[in-house]
Amino acid sequence: MNERAPRLSPEEGMFRLAGTDASWICVHTCPTPRCPCRTALVLATHKGRETLEARGAPVWQAWMSGGRYREAAHEVADKCADIIVFGLDIDTAQEQQSDRDDPLDLAQYPEVAALMTHIDGKLLDAIGRLWYRGKGLSAPVETVLMSPPKIRGWQRGEQLAWDEVYTCVRQDLYAFDAHVYEALDFYCPIPSCDCAEVNLHFEPVHPDGARSPGHVNVHLAGRIRLEPETHGDLTRLEQLWAAFCQRHPRYLERLSHRDTLIKATGERLVGPATAEPKVGRNDPCPCGSRKKYKKCCGA
């Protein structure tokens, strides 16, 4: 017997594209509970939500019944010129063929290229949460943990990666040529520290053995410092940072929110300030900012 996820309401997959009035997408993630695929089927229109709901009804019904919803989407697109259908990788945000995982040539599909300029990180996260609900799972939420997290290998003075403390709804992946990188954001967990710095590392996911081009130091007041591993890595680091900013146009708001949550968790992880080991004024600051203590938390 085939496993089926619980029913979802039609509204849960509907999203208006940011910066537009009448452009909407309807997203269908894989409904098979144990399937790990990360491709979503997207129906889009510039004719408003009501048009998309009416045109996409057969696709939704096929999805809910466990039928051939991708084939239903192609039938709708063939009959309705105002409906656009394509696939979307939730993690890399790469466009794909609607019936397979092959990349989509945007030069041949300018209407998809135009739509993709409005699909940002906030919308991708919402689709990531939909992926969980579509499989009958509870989507991870950003709630402060009730007990200190057990983070293997972490030591006082080190920054914490966001995904070491919280379960992410998706990997923030960036593809360049034949390389794929994951953006990992690291925070100071000490509540009393006001360094207000986040280190954004771009770690290689593919191919095996590739090295990181470096990281970006982001001060939450807006100052940015690119720190490549070598001078030759600067170009790739600039490309990754530009792609990150395009995907997360309000990145300071995103990072500030996460910084607040990490520090709320860190209050239980690192203990009260009086329990911190004595740090010399010229020693590295225990918050992990790489500054001397006297110029950071000890200022």
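Caption draft 1: How the structure looks around the overall build of the chain. In terms of regular secondary structure, the chain is built from seven helices and 11 strands. In the chain, buried positions account for 47% of the 299 residues. Long-range pairs, those at least 24 residues apart, make up 58% of the contacts in the chain between residues at least 6 apart in sequence.

Caption draft 2: Fine view of the pairing of strand 7 (residues 173-176). In this structure, strand 7 lies alongside strand 8 (residues 179-187), joined through four bridges in antiparallel fashion. Among the inter-strand pairings, Y174 is bridged to a residue of strand 8, identified as Y181.

Caption draft 3: Structural context of the environment of L123. By secondary structure assignment, the location of L123 is in helix 4 (residues 121-134). Judged by relative accessible area, which is 9%, L123 ranks as buried. With 106 residues separating them along the chain, L123 and L17 place their C-alpha atoms 8.3 Å apart. Those residues in contact with L123, other than ones at most four positions away along the chain, are F15, L17, I25 and H118.

Caption draft 4: Here's a closer look at helix 2 (residues 69-79). Among the residues making up helix 2, those that are buried are Y69, A72, A73 and V76. Along the axis of helix 2, the buried positions cluster into a sector of 105°, meaning they face one direction only. Buried residues belonging to helix 2 abut strand 2 (24-28), strand 3 (39-45), helix 1 (49-64) and strand 4 (84-89).

Caption draft 5: Spatial organisation of the pattern of salt bridges. Per the stated rule, a full pass over the model turns up 15 salt bridges. Between R247 and D172 there is a salt bridge, and its shortest N-O distance comes to 2.9 Å. Of this pair, R247 sits in helix 6 (residues 234-247) while D172 is found in the loop between helix 5 (162-165) and strand 7, placing the two residues 75 residues apart along the sequence. One exposure class covers both R247 and D172, and it is buried. Here R225 ties to E227 by a salt bridge, and the two come within 2.5 Å at their closest N and O atoms.

Caption draft 6: How the structure looks around the nonpolar core. Counting 44 residues, the largest nonpolar core has F15, I25, V27, L43, V59 and F86 as its most contacted members. Here the element with the most residues in this core is helix 4; it accounts for seven residues. Not counting the four nearest positions on each side in its chain, L43 is found in contact with W24, I25, C26, H28, L52, G56, V59, A73, I83, I84 and V85. Counting 24 residues, the second largest nonpolar core, distinct from the first, contains Y166, V216, F244 and L255.

Caption draft 7: The arrangement of the packing of aromatic side chains in detail. Under the defined criterion, the tally for this structure stands at eight aromatic pairs. Between the aromatic rings of W241 and Y251, the centroid separation amounts to 5.1 Å while the plane-to-plane angle is 75°, which identifies the pairing as edge-to-face. Here W241 is found in helix 6, whereas its partner Y251 is found in helix 7 (residues 251-269), with 10 residues between them in sequence. An identical accessibility class is assigned to W241 and Y251; each is buried. The ring of W131 is capped by R38, whose NZ or CZ atom sits 4.5 Å from the centre of that ring. The aromatic ring of Y174 is capped on one face by R247, whose charged end is 4.0 Å from the ring centroid.

Caption draft 8: Spatial organisation of the environment of A178. For A178, the position within the fold is in the loop between strand 7 and strand 8. In the structure, A178 is positioned 29 residues away from P207 in sequence and 7.6 Å away in space, judged by C-alpha atoms. Not counting chain neighbours up to four residues away, the residues in contact with A178 comprise H206 and P207.

Caption draft 9: Up close: unusual backbone geometry. At the junction of H206 and P207, the peptide bond is cis and its omega measures out at 0° in the coordinates. Secondary-structure assignment places P207 in the loop between strand 9 (197-206) and strand 10 (214-219). Positive phi, close to 60°, is recorded for A93, a residue that is not glycine. Topologically, A93 is positioned in the loop between strand 4 and strand 5 (95-96). Located in the positive-phi region is A196, a residue other than glycine, with phi close to 55°. Inspection of the secondary structure puts A196 in the loop between strand 8 and strand 9. Owing to a relative accessible area of 21%, A196 belongs among the partly exposed residues under this scheme.

Calculation notes
The residue count restarts for each chain, going from 1 along the sequence in the order it is written. It should be noted that, the model being predicted, local features are given only for residues of pLDDT at least 70 and side-chain atom pairs only at 80 or more, the latter also being counted only at that level, while totals for whole chains, interfaces and linings use all residues. With hydrogens and water stripped out, all remaining heavy atoms of the structure feed into the side-chain values. Strands here are runs of E lasting at least two residues and helices are runs of H or I lasting at least four, both read from the DSSP assignment and numbered beginning at the N terminus. The cut-offs for exposure are 20% and 50% of the maximum accessible area for each residue type, with area from a 1.4 Å probe on protein chains only; residues under the lower value are buried, those over the upper are exposed, and the others partly exposed. Here, residues are in contact when the closest pair of their heavy atoms is within 4.5 Å. Note: two strands are recorded as paired if DSSP finds a minimum of 2 bridges between them. The arc in question is the one traced by the directions running from the helix axis out to the C-beta atoms. The term salt bridge refers to a side-chain nitrogen of Lys or Arg lying within 4 Å of a carboxyl oxygen of Asp or Glu. We call a set of buried residues a nonpolar core when its members are Ala, Val, Leu, Ile, Met, Phe, Trp, Tyr or Cys and they connect through side-chain atoms within 4.5 Å of each other. Two rings belonging to Phe, Tyr or Trp (six-membered ring only in the last case) form a pair when the distance between their centres is within 6.5 Å. Interplanar angles under 30 degrees mark stacking, angles over 60 mark edge-to-face geometry, and anything in between is tilted. Note on criteria: charge over ring means Lys NZ or Arg CZ within 6 Å of the ring centre, with the direction from the centre no more than 35 degrees off the ring normal.

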